[in-house]
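Spelled out, the chains give:
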Amino acid sequence: MTSLLLVSIPVAIAIETVKLSPQVRATPLAEVIPTVAINAILPFLTQPLVTDTEQLQRAAYVVGFPDEHLIAGSNDQIYVRKILANAPTAFQIVRPGAALRDPDTGEILGYEAQFVANAVLEHSGDPARVRIIQAAREVAIGDRVLPTSAAEKPLTDFERHPAPAGTSGRIISVFNGVSQIGQFDVVILNRGSREHIALGHVFDAFIGGDSERDQIRDGSSDANWRDESPAKTEFWYGHDMEQRGWQENEWPLHQRFERKNTQFIRPLERAATLMVFRTFERVSFALVLDAQRAFQVGAQIAPAAP
């Protein structure tokens, strides 16, 4: 009988050096949020994308450029006024945008602030000289300069829990300029920390609740099949008409009829689930976790069902 001898041969294993860097850690309570959702909100975690009037008025601003440029980009220098002597040396440059207005009360809740660039102080003074270290778009005169320390602490955990009972509101804006909101879009809610909204609060968004025209009652889509005789008033005016007196300022005088209940209220239907991931005093940012149907700015929100 032939015997087999097994010999262990050592094999050199190449160990790859991996450089680690900080990243968002997702630890949900109920179910995992896909990685794409985390990527969708990363730009919104540290950038001051909502400002109020007072903050804009007292903020430092870009006043010019050393080389008389009209715009500036990465590694360029800029002149900035109103940087305080004891201010931090790292800044974020933003561009004031559209007002965020409450659709129900008309109150201005803040202003969208478009992120422009990161910058560092090179020389203090009036104006101070600042260098752009990373630019998302060109820096222009009038852009506001905010200390980086003014940004909130980045979100590190997704701990989902129901929003406070009885809290309601609306979606007042959506990023990326889309008209139909869908999964993983970022929206702005007209509720913030003053309404006790916190990170991880979950809402349902609804469509409906608006007034629609009843095409049957107003006669635009329904033939008069019940009254065949032209001798009957209903043949000409329909069963849904009511007499409202005499027509004024016309001759000859004739009866004025109006249709009753020519509108109906569309029932509310659940459209999506949202999770708040950043809050300000009067508004909040929320991520659309899932969407059953398309919806738009103005949609109503309410605490998600447990």
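Quick caveat, the model's predicted, so the values are computed rather than measured. (Residues numbered from 1 in each chain as written. Predicted model: local features only at pLDDT ≥ 70, side-chain atom pairs only at ≥ 80, totals over all residues. Heavy atoms only, no water.)

Right, let's talk about the pairing of strand β5 (residues 90-101) for a bit. Within a regular strand, the side chains alternate between the two sheet faces. Bridge analysis of β5 against strand β6 (residues 108-123) gives ten bridges, and the strand direction is antiparallel. Within β6, the residue paired with Q92 across the bridge is N118. From the end of β5 to the start of β6, which pair antiparallel, there are six residues, and G106 there has a positive phi angle of about 80°. Pairing of β5 with strand β9 (residues 144-147) involves four bridges; the strand directions are antiparallel. Looking across to β9, one finds that V94 is bridged to R144. (Pairing = 2+ DSSP bridges. Helix = DSSP H or I, 4+ residues; strand = E, 2+ residues; numbered from the N terminus.)

Turning our attention to the packing of aromatic side chains. Within the structure shown, the criterion is met by three aromatic pairs. Ring geometry for F175 and F285: centres 5.4 Å apart, planes at 80°, overall edge-to-face. Linking F175 in the loop between β11 (169-174) and β12 (186-189) with F285 in strand β19 (residues 284-291), this pair joins segments that are 110 residues apart in sequence. On the basis of relative accessible area, F175 is assigned to the buried category, the value being 13%. For F285, a relative accessible area of 0% corresponds to the buried category. (Phe/Tyr/Trp six-rings, centres within 6.5 Å; stacked < 30°, edge-to-face > 60°. Buried < 20%, exposed > 50% of the residue type's maximum accessible area, 1.4 Å probe, protein only.)

Attention now goes to the side chain of S173. The residue S173 is located in strand β11 in this model. Among the residues examined, S173 registers a relative accessible area of 9% and is labelled buried. For S173, the side chain forms a polar contact with the side chain of E112, separated by 2.9 Å. Excluding residues that lie within four positions of it along the chain, S173 makes contacts with L100, E112, V187, I188 and V297. (Polar contact = N/O pair within 3.5 Å; in protein donor to acceptor, adjacent residues only side chain to side chain. Contact = heavy atoms within 4.5 Å.)

Take the nonpolar core next. Judged by nonpolar contacts, the single largest core of 21 residues is most densely connected at F44, V186, I188, F277, V283 and F285. For this core, the secondary structure elements donating two or more residues are β6, β12, β18 (269-279) and β19. Considering every element that reaches this core, the biggest residue donor is β19, with three residues. Residue-level mapping places this core at the junction of two domains, with at least three residues from each of domain 1 (44-151) and domain 2 (153-221 + 261-305). For F44, the residues in contact, after removing those within four places along its chain, are L49, F175, V186, F277, R278 and F285. Counting 18 residues, the second largest nonpolar core, distinct from the first, contains V174, V187, V276 and I301. (Core = buried A, V, L, I, M, F, W, Y, C linked by side-chain atoms within 4.5 Å. Domains from an automatic or database assignment.)

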